[in-house]
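Okay, here's what each chain looks like letter by letter:
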Amino acid sequence: MVRAALQNIPTDLLRSFVSAIDTGSFTRAAETVGRTQSAVSLQIRRLEDVVGTRLFVRDAHKLMLTDEGKTLAQYAVRMLALNDEALAVLNSPKIS
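Residues numbered from 1 in each chain as written. Predicted model: local features only at pLDDT ≥ 70, side-chain atom pairs only at ≥ 80, totals over all residues. Heavy atoms only, no water.

(A) Main features of the packing of aromatic side chains. Counting across every chain of the model gives two aromatic pairs. Judged by centre distance (5.6 Å) and plane angle (65 degrees), the ring pair of phenylalanine 17 and phenylalanine 56 falls under edge-to-face. Here the residue phenylalanine 17 occupies a position in helix H1 (residues 11-23), and phenylalanine 56 occupies one in strand S1 (residues 56-58), the gap between them amounting to 39 residues. Judged by relative accessible area, phenylalanine 17 falls into the buried class, the value being 0%. Its relative accessible area of 2% is what places phenylalanine 56 among the buried residues. (Phe/Tyr/Trp six-rings, centres within 6.5 Å; stacked < 30°, edge-to-face > 60°. Helix = DSSP H or I, 4+ residues; strand = E, 2+ residues; numbered from the N terminus. Buried < 20%, exposed > 50% of the residue type's maximum accessible area, 1.4 Å probe, protein only.)

(B) Focus on the side chain of glutamate 48. Residue placement: glutamate 48 occurs in helix H3 (residues 37-51). For glutamate 48, the contacting residues outside a window of four places in its chain are Thr53, Arg54, Leu55, Phe56 and Arg58. (Contact = heavy atoms within 4.5 Å.)

(C) Seen up close, the packing of H1 against helix H2 (residues 26-33). At a closest axis distance of 8 Å, the pairing of H1 and H2 adopts a crossing angle of 125 degrees. Between H1 and H2, the crossing angle belongs to the class labelled oblique. Between H1 and H2 the crossing geometry is right-handed. Contacts from Arg15, Ser16, Ser19, Ala20 and Thr23 in H1 reach Phe26, Arg28, Ala29, Thr32 and Val33 in H2. Across the contact of H1 with H2, the residue classes break down as four nonpolar, four polar and two charged. (Axes fitted to C-alpha atoms, helices over the stretch in contact; angles between N-to-C directions. Parallel < 35°, antiparallel > 145°, perpendicular 65-115°, else oblique. Left-handed = near helix turned anticlockwise from the far one by under 90°. Nonpolar A, V, L, I, M, F, W, Y, C, P; charged D, E, K, R; others polar.)

What follows is the structure, encoded as structure tokens:
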């Protein structure tokens, strides 16, 4: 049995994606994640390549999620929360 190669979704792409959703623009998302607007745009394009579908309907005035974008957004929030929780637990000071 041959299985398709599994891919991982880089968390930095997910963080930019969620920031774009939360702020409503790539420009404000860039400020949140400490990147340029063009870097965030490239990250979103890369994320769309990884997942194989468009995530946003581009409009001159606002970002709107596609149905696939809405689905990924639910997973992205959970994945980032688990990532952040794991790092917090592993980096917390040990009490003796």
